[in-house]
Amino acid sequence: MKKIEHIGIAVKDIDEAEKRFAKLLNTLSYKREKVESEGVVTSFFKTGESKIELLAPTRPDSPIQKFLDKKGEAMHHIAFEVDDIEQKMFVLKQEGFVLINEQAKAGADNKLVAFVHPKSTGGILVEICQENRTNL
Ligand code: ZN
């Protein structure tokens with residue numbers, strides 16, 4: 001893993017949370033993006049080398065809504081940047097980690113992403129992500 005690319009935080013209301021985090025981090029969100037396939041709207045903040053990704057549900061069956069129902073607003077995942085996501089997924093599987101995605105998929109912020117199930121990481125949802133070089 002190269003670095004912590006971002007930390008994802010589940011929020012109920014993207015507008016309210018964006019204002020709150022702009023104050024907390026003393027910087028404005030630089031990008032808001034919907035990921036329709038996940039039923040989520042994201043908002044990104046730069047914090048030095050890393051980012052904060054706010055995630056709010058856009059529909060009731062969104063995985064983020066399910067998370068909020070269970071845990072309320074809280075840290076949702078840690079994302080690590082990798083050079084080769086397919087290779088990293090292969091290695092993690094070999095090591096006994098349970099991947100949620102069989103294949104890397106397009107995520108927010110022009111990334112290919114895959115998730116490691118929290119049951120195999122001690123309760124932390126882990127995202128691995130790679131810059132999507134094929135996109136545009
Ligand atoms: Zn993420």
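Everything numeric in this text was worked out from a predicted model, so none of it was measured.

Trainee: Explain the coordination of the zinc ion to me, please; I cannot follow it from the model alone.
Mentor: Tetrahedral coordination by four donors puts the ideal angle at the metal at 109.5 degrees, and octahedral coordination by six puts it at 90 or 180 degrees. Donor atoms from the polypeptide that coordinate the zinc ion comprise His6 (NE2), Glu53 (OE), His77 (NE2) and Glu127 (OE), at 2.1 Å from the metal. Each of the four donor atoms around the zinc ion contributes to a set of angles spanning 84 to 168 degrees, which defines the coordination as irregular. The sequence motif formed by the donor residues of the zinc ion is H-x46-E-x23-H-x49-E. Of the two residues, His6 is situated in strand β1 (residues 3-10) and Glu127 in strand β8 (residues 126-131); the sequence distance between them amounts to 121 residues. A single burial state applies to His6 and to Glu127, both of which are buried.

Trainee: I would appreciate a short explanation of the packing of aromatic side chains in the present structure.
Mentor: Each aromatic ring pair is summarised here by two numbers: the centre-to-centre distance and the angle between the ring planes. Going through the model one piece at a time under the given rule, you end up with two aromatic pairs. With centroids separated by 6.4 Å and ring planes inclined at 45 degrees, the aromatic side chains of Phe21 and Phe45 adopt a geometry described as tilted. Taken together, the positions of Phe21 in helix α1 (residues 14-25) and Phe45 in strand β3 (residues 40-47) put the pair 24 residues apart, joining distant regions of the chain. Relative to Phe44, the ring of Tyr30 has its centre 6.2 Å away and its plane inclined at 45 degrees; by these criteria the two rings are tilted. Here Tyr30 is found in the loop between α1 and β2 (31-35), whereas its partner Phe44 is found in strand β3, with 14 residues between them in sequence.

Trainee: Help me understand the pairing of β8, please; the structure alone is not making it clear to me.
Mentor: Sheet faces and side chains relate simply in a regular strand, where the side chains alternate between the two faces. Most of β8 is tucked away: five of the six residues are buried. With four bridges connecting them, strand β5 (residues 74-81) and β8 associate as parallel partners. Residue pairing in the sheet places Ala79 in a bridge with Glu127 of β8. Pairing geometry for strand β7 (residues 111-116) and β8, over six bridges, is antiparallel. The residue bridging Val116 from the neighbouring strand is Val126, located in β8.

Trainee: Whenever I open this one, the pattern of salt bridges confuses me. Can you help?
Mentor: Side chains that differ in sign of charge can pair as their charged atoms come close. Counting across every chain of the model gives 17 salt bridges. In this structure, Asp15 and Arg32 form a salt bridge, with 2.7 Å as the shortest nitrogen-oxygen distance. Linking Asp15 in helix α1 with Arg32 in strand β2, this pair joins segments that are 17 residues apart in sequence. Residue Asp15 is classed as partly exposed on the basis of its relative accessible area of 41%. The partly exposed category is assigned to Arg32, whose relative accessible area is 41%. Three or more residues are tied together by salt bridges with common partners; here these are Glu5, Lys31, Glu33, Lys51, Asp109, Lys111 and Glu131.

Cut-offs used in this document
Residues numbered from 1 in each chain as written. Predicted model: local features only at pLDDT ≥ 70, side-chain atom pairs only at ≥ 80, totals over all residues. Heavy atoms only, no water. Donors = N, O, S within 2.8 Å, 3.2 Å for Na, K, Ca; no water. Tetrahedral: all angles 85-135°; square planar, octahedral: opposite > 155°, others 65-115°. Helix = DSSP H or I, 4+ residues; strand = E, 2+ residues; numbered from the N terminus. Buried < 20%, exposed > 50% of the residue type's maximum accessible area, 1.4 Å probe, protein only. Phe/Tyr/Trp six-rings, centres within 6.5 Å; stacked < 30°, edge-to-face > 60°. Pairing = 2+ DSSP bridges. Salt bridge = Lys/Arg side-chain N within 4 Å of Asp/Glu carboxyl O.

Function cannot be inferred from these measures alone, as they are strictly geometric.
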